[in-house]
Amino acid sequence: MSKNSSSTMGDGESVQYAGKATVLAIGKAFPSQLIPQECLVEGYFRDTECQDPAIKEKLERLCKNTTVKTRYTVMCKEILDKYPELAKEGVSTIKQRLEIANEAVLEMAVEASLDCIKDWGRSVRDISHIVYVSSSEIRLPGGDLYLATKLGLRNDVGRVMLYFLGCYGGVTGLRVAKDIAENNPGSRVLLATSETTILGYRPPNMDRPYDLVGAALFGDGAAAVIIGTDPLPDSIEKPFMELNVAVQQFLPGTHNIIDGRLTEEGINFKLGRDLPQKIEDNIEEFCKMLMEKADLKEFNDLFWAVHPGGPAILNRLESNLKLTEEKLTCSRRALMDYGNVSSNTIFYVMDYMREEFKMKLQQGSSGGGGGGGEEWGLVLAFGPGITFEGILVRNLIR
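Note that the coordinates shown come from a computational prediction; the quantities given were computed from them, not determined experimentally.

Engineer: Sorry, what's going on with the overall build of the chain here?
Structural biologist: A tally of helices and strands in the chain yields 11 helices and 15 strands. The globule rule puts the C-alpha radius of gyration for 398 residues at 21 Å, and the 21 Å found for the chain is close to it. Expressed along its principal axes, the backbone C-alpha trace of the chain runs to roughly 70 × 50 × 45 Å. The proportion of buried residues among the 398 residues of the chain is 55%. Long-range pairs, those at least 24 residues apart, make up 77% of the contacts in the chain between residues at least 6 apart in sequence. Across the chain, 45 positive and 55 negative side-chain charges occur, with their mean positions spaced 1 Å apart.

Engineer: Please explain unusual backbone geometry as it appears in this structure.
Structural biologist: Negative phi characterises most residues that are not glycine, and trans characterises most peptide bonds. The omega torsion of the bond from Leu 140 to Pro 141 falls at -5 degrees, within 30 degrees of zero and hence cis. Among the structural elements, Pro 141 can be located in the loop between strand 6 (129-134) and helix 5 (143-151). Following Gly 385, the chain continues to Ile 386 via a peptide bond in cis, the omega torsion being -20 degrees. A positive phi angle, close to 60 degrees, is found at Asp 234, a residue other than glycine. Inspection of the secondary structure puts Asp 234 in the loop between strand 9 (221-228) and strand 10 (241-250).

Engineer: Help me understand the pairing of strand 7 (residues 158-163) in this model?
Structural biologist: Looking along a regular strand, one sees the side chains alternate between the two faces of the sheet. Relative to strand 7, strand 6 runs parallel, the two sharing 6 bridges. The residue of strand 7 that forms the bridge with His 129 is Gly 158.

Engineer: Would you explain the pairing of strand 12 (residues 266-271) in this entry?
Structural biologist: One ladder, built from 6 bridges, connects strand 11 (residues 258-263) with strand 12; its direction is antiparallel. Bridging from a neighbouring strand, Leu 262 pairs with Ile 267 of strand 12. In this antiparallel pair of consecutive strands, strand 11 and strand 12, the connection spans 2 residues.

Engineer: Would you take a moment to explain the sheet that holds strand 9 for this structure?
Structural biologist: Pairing between the strands of a sheet comes from backbone hydrogen bonds, and it takes one of two forms, parallel or antiparallel. Pairing is mixed across the open sheet formed by 9 strands, whose spatial order is 7-6-8-9-3-10-15-14-13. Each edge of the sheet is formed by a strand with only one pairing partner; in this case those strands are strand 7 and strand 13 (303-306). Taking the axes of each pair of neighbouring strands and ignoring which way they run, one obtains an average angle of 25 degrees across the sheet. In this structure, strand 6 lies alongside strand 8 (residues 188-195), joined through 5 bridges in parallel fashion. For His 129, the partnering residue across the bridge sits in strand 8 and is Val 189. Most of the contacts of helix 4 (residues 94-120) go to strand 3 (residues 21-29), to which it runs at about 130 degrees, and overall it touches strand 3, strand 6, strand 8 and strand 9.

Engineer: Explain the UniProt feature "active site" (unreviewed entry) in the chain to me, please; I cannot follow it from the model alone.
Structural biologist: The UniProt record annotates "active site" (unreviewed entry) at Cys 167. Residue contacts for Cys 167: discarding those within four places in its chain leaves Phe 218, His 307, Asn 340, Ser 342, Ser 343, Ala 381, Phe 382 and Pro 384.

Engineer: I'm lost on the domain arrangement of the chain in this one. Help?
Structural biologist: Accessible area lost when the parts come together is the quantity often used to give the size of an interface. Looking at the assigned domains, one finds that the chain contains domain 1 (21-229) and domain 2 (241-395). Taking only C-alpha atoms into account, the centre of domain 1 sits 19 Å from that of domain 2. Contact residues are listed per partner, giving 55 residues for domain 1 and 46 residues for domain 2. In total, domain 1 and domain 2 occlude about 4100 Å² of area from one another, counting both sides; carbon and sulfur atoms represent 63% of this. The interface formed by domain 1 and domain 2 includes 3 salt bridges.

Engineer: Sorry if this is basic, but what is going on with a nonpolar patch on the surface here?
Structural biologist: Taken together, the side chains of Ile 138, Phe 164 and Leu 262 define a hydrophobic patch exposed on the protein surface, amounting to about 240 Å² of accessible area. With respect to the element layout, Ile 138 can be found in the loop between strand 6 and helix 5.

Engineer: For this particular structure, what's the right way to read the packing of aromatic side chains?
Structural biologist: How two aromatic rings sit relative to each other is set out by the distance from centre to centre and by the angle between their planes. Scanning all chains against the criterion turns up 14 aromatic pairs. Residues Phe 286 and Phe 388 carry aromatic rings whose centres are separated by 5.3 Å and whose planes lie at 75 degrees to one another, so their mutual orientation is edge-to-face. Here Phe 388 lies in strand 15 (residues 387-395) and Phe 286 lies in helix 8 (residues 275-291), a separation of 102 residues in the sequence. As far as burial versus exposure is concerned, Phe 286 and Phe 388 are alike and both buried. Here the aromatic rings of Tyr 338 and Tyr 348 are separated by 4.8 Å at their centres, their planes lie at 50 degrees, and the arrangement is tilted. Here Tyr 338 is found in helix 10 (residues 329-338), whereas its partner Tyr 348 is found in helix 11 (residues 345-366), with 10 residues between them in sequence. Through successive ring pairs, a cluster of aromatic residues spans Phe 30, Tyr 72, Tyr 338, Tyr 348 and Tyr 352.

Engineer: Explain the environment of Glu 49 here, please?
Structural biologist: Inspection of the secondary structure assignment puts Glu 49 in the loop between helix 1 (37-48) and helix 2 (53-65). Judged by its relative accessible area of 55%, Glu 49 is exposed. When the C-alpha positions of Glu 49 and Asp 351 are compared, they lie 38 Å apart, and in sequence the two are 302 residues distant.

Engineer: Explanation requested: the side chain of Arg 354 in the structure shown.
Structural biologist: With respect to the helices and strands, Arg 354 occurs in helix 11. The buried category is assigned to Arg 354, whose relative accessible area is 12%. Side-chain polar atoms of Arg 354 contact the side chain of Asp 119, separated by 3.0 Å.

Engineer: What am I meant to see in helix 4 here?
Structural biologist: Think of an α-helix as 3.6 residues a turn; residues three or four steps apart then line up on the same face. For helix 4, with 27 residues, the first-to-last C-alpha span of 37 Å sits near the 39 Å given by 1.5 Å per residue. Gly 121 lies just past helix 4 and shows a positive phi near 90 degrees.

So, how was this worked out
Residues numbered from 1 in each chain as written. Predicted model: local features only at pLDDT ≥ 70, side-chain atom pairs only at ≥ 80, totals over all residues. Heavy atoms only, no water. Helix = DSSP H or I, 4+ residues; strand = E, 2+ residues; numbered from the N terminus. Rg over C-alpha atoms; globule rule 2.2 N^0.38 Å. Buried < 20%, exposed > 50% of the residue type's maximum accessible area, 1.4 Å probe, protein only. Contact = heavy atoms within 4.5 Å. Lys, Arg positive; Asp, Glu negative; His and termini not counted. Charge placed at Lys NZ, Arg CZ, Asp CG, Glu CD. Pairing = 2+ DSSP bridges. Axes fitted to C-alpha atoms, helices over the stretch in contact; angles between N-to-C directions. UniProt positions renumbered as here; feature names shortened; annotations may be inferred. Domains from an automatic or database assignment. Buried area = accessible area lost by both parts, 1.4 Å probe. Salt bridge = Lys/Arg side-chain N within 4 Å of Asp/Glu carboxyl O. Patch = residues over 30% accessible without salt bridge, like charges linked within 9 Å, V, L, I, M, F, W, Y side chains within 5 Å. Areas by Shrake-Rupley, 256 points an atom, 1.4 Å probe, with all protein chains shown as cover. Phe/Tyr/Trp six-rings, centres within 6.5 Å; stacked < 30°, edge-to-face > 60°. Polar contact = N/O pair within 3.5 Å; in protein donor to acceptor, adjacent residues only side chain to side chain. Expected span 1.5 Å × (residues − 1).

Structure follows, in structure tokens:
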């Protein structure tokens, strides 16, 4: 139904249907340690006391190929001084890792949420629901309760905790927040994501090649957005993106391509070499399915907010869909500035995209033209399953 349409229940009561969910604000936060990519290898090998030149050469090559320039990390000298066993091979350290991670991800989630609430401009008491996403903590009660308490949210806030979804978790969170907002008129949903690589930190080993990929590619951080329908007028709320249609899909028979297992030594990942190819083989059909909802035909008529899992995935998507070079600029910029920060990264892409919308609107206005860029776009992420998450979105800064 349309935004303002209504329906009559069997008892004669008239029910007003909410409009489409919109992104009303965005925030982000990072740990204090910033690592330039060119400094990573020396520091990592010093901290883990690794002397293998072949491994070092491979990691240096991987670091150059990722296109990452800087990353933030929770891991630092103070943590390694307190927990030296984290840099040792074959030591049971899951208890220590969770002690660090549970505190670190909560602190970052609080900072990102406060940054988002400041951007939103309304009171924390107006938040009716919270969706919290993390693949970096495990505890009962979950991080959603700790976050709600730290922020001073009402004790009747509706809470959803999404654990261990990996890189597509941010877009899953958007889909869940969209459903909550659209089915609870007047609600305002805080969606927060927070991740750290502490659970997977360990000495380099040729028998675990994915550890080297992780060391070269992944970073830490948090993000938050406020989702709601029917934004308040007169610039009280400033929506910049409408969440039009959301779809999740898994590829049958691919559940072993991204494999993560929690062990006594932390989390161990195995990543199939055919991951980029699997995504390339299926992404066009998935995108067309979403585009059909708005009768869209041309890929280059859209803007693209794609989770930058790595340069190979972005390159193959760009090539397969014949996208012009600038279409993935925001995704490549997020990867360069922050690395792959799992569920958070899509929000760093969206933040850059909001900047781009505003810049295009300003350029259009000053040049006598109109518009803040393309009207329609896709938000995409991929992760374990192999799972595709996609949202057809609309640019509201026009």
